[in-house]
Amino acid sequence: MFKKRQIKSKERVSSHGEVFTNEREVNAMLDLVRPECLRPDSRFLEPACGDGNFLSAILERKLMEVKRKYKSSVRDYEYYSVITIGSLYGVDIMQDNVEACRRRLFKIWDKQYKSVCKTDCTDEMRDVIRFIIARNIVCGNALTLMCVDGNGNDTDEPIVFSEWSPVMKPMVQRQDFTFEEILRMSQEGNKREAKLIDDSDFDETEGHFIARYTTHYKKVHHNG
């Protein structure tokens, strides 16, 4: 359920421009991209995620579709729920919002997990989901692309996201990129698609990742 109030305090509005989006507006916007909200691997990034109004609504839509398709198989449901949770990213400058968003996403996932998998639910799977959420929902400044400290001030640490990609089941590939690198590659890809630059100027291998590994979907957290 969405929180009804749109602000937590006048001070937070004044200092950080923090205003939460109402449920009606969230759903109206998501309806515009409804097919993408049903694909487990369709990625969404909310650069000022607050406590997760958009991300939680997207997660609920995605998980309902995963349930519809894979409820008859515990392993398939688990696999695609991992891909689903791995497709959602959020940044917020307020640590309490980040923690609330993480809890909210996990609660939505766990409720659906228990509904589908019942006695086959395991704490191992819950550890996997908590790990992915912690990697994907980060405390940082989406304008400077840097992590922030407890006072909301930039640190020297860049925001890093993990890309979780399905490969041959039951395997998942993780690649870590800085937020800055993701934006740069996205911009170059858009230019190429629009034919605004010559193909010879675009190197598909350009750019770097921080880490990459492929592993069983239940073991993604073992490589920290």
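Everything below is about the structure printed above this text.
Residues numbered from 1 in each chain as written. Predicted model: local features only at pLDDT ≥ 70, side-chain atom pairs only at ≥ 80, totals over all residues. Heavy atoms only, no water.

(A) Representation of the overall build of the protein. Each helix and strand in the protein was counted, giving seven helices and eight strands. Looking at the protein as a whole, 44% of its 224 residues qualify as buried. Nonlocal contacts in the protein, meaning residues at least 24 apart in sequence, comprise 67% of its contacts between residues at least 6 apart. Looking at the protein as shown, the accessible area adds up to about 12,400 Å², and 51% of this sits on carbon and sulfur atoms. (Helix = DSSP H or I, 4+ residues; strand = E, 2+ residues; numbered from the N terminus. Buried < 20%, exposed > 50% of the residue type's maximum accessible area, 1.4 Å probe, protein only. Contact = heavy atoms within 4.5 Å. Areas by Shrake-Rupley, 256 points an atom, 1.4 Å probe, with all protein chains shown as cover.)

(B) Just the sheet that holds strand β8 (residues 211-216), in detail. Strand order in this open sheet of three strands is β6-β7-β8, and the pairing throughout is antiparallel. The sheet is open, and its two edges are formed by β6 (160-166) and β8, each paired on a single side. Strand-to-strand twist in this sheet, taken as the mean axis angle between neighbours without regard to direction, amounts to 20°. When strand β7 (residues 171-178) meets β8, the two strands line up antiparallel, connected through six bridges. Paired with M171 across the two strands is H216, which belongs to β8. Seen against the sheet, helix α6 (residues 123-136) touches β6 and β7 and runs at an angle of roughly 135° to β6. (Pairing = 2+ DSSP bridges. Axes fitted to C-alpha atoms, helices over the stretch in contact; angles between N-to-C directions.)

(C) Up close: helix α4 (residues 74-85). Across its twelve residues, α4 extends 16 Å between first and last C-alpha, which sits within 8% of the 16 Å expected from 1.5 Å per residue. The element α4 is largely enclosed, with a buried count of ten among its twelve residues. Three or more residues of α4 are buried, namely V74, Y77, E78, Y79, Y80, S81, V82, I83, T84 and I85. Lining the buried residues of α4 we find α3 (53-70), β2 (88-92), α5 (95-117), α6, β6 and β7. (Expected span 1.5 Å × (residues − 1).)

(D) Structural detail: the side chain of E65. Secondary-structure assignment places E65 in helix α3. A polar side-chain atom of E65 sits 2.7 Å from a polar atom in the side chain of R68. (Polar contact = N/O pair within 3.5 Å; in protein donor to acceptor, adjacent residues only side chain to side chain.)

(E) How the structure looks around the side chain of S56. Of note, S56 is situated in helix α3. At 2.6 Å, the side chain of S56 and the backbone oxygen of G52 are in polar contact.

(F) Structural detail: the pattern of salt bridges. Summed over the entire model, instances satisfying the criterion amount to 18 salt bridges. Here K114 ties to D110 by a salt bridge, and the two come within 3.6 Å at their closest N and O atoms. One end of the pair is K114 and the other is D110, both in helix α5 and four residues apart, which spans about a single turn. Judged by relative accessible area, K114 falls into the partly exposed class, the value being 45%. For D123, the salt bridge is made with R126, and the minimal N-O distance between the two is 3.2 Å. Pair noted here: D123 and R126 are both in helix α6, with a separation of three residues, about one helical turn. Here D123 falls in the exposed class, since its relative accessible area comes to 55%. A single salt-bridge network, built from bridges that share partners, covers D110, K114, D123 and R126. (Salt bridge = Lys/Arg side-chain N within 4 Å of Asp/Glu carboxyl O.)

(G) Fine view of the environment of T144. In this fold, T144 is placed in the loop between β3 (137-141) and β4 (146-148). Along the sequence, T144 and P158 sit 14 residues apart, while their C-alpha atoms lie 8.8 Å from each other. A distance of 2.7 Å separates the side chain of T144 from the side chain of D154, its partner in a polar contact.

(H) Highlighting the packing of α4 against α5. Interaxial distance between α4 and α5 falls to 11 Å at its minimum, and their mutual angle equals 165°. Between α4 and α5, the angle falls in the class roughly antiparallel. The handedness of the crossing between α4 and α5 is right-handed. Between α4 and α5, the contacting residues are V74, Y77, E78, S81 and I85 on the first element and W109, Q112, Y113, V116 and C117 on the second. (Parallel < 35°, antiparallel > 145°, perpendicular 65-115°, else oblique. Left-handed = near helix turned anticlockwise from the far one by under 90°.)

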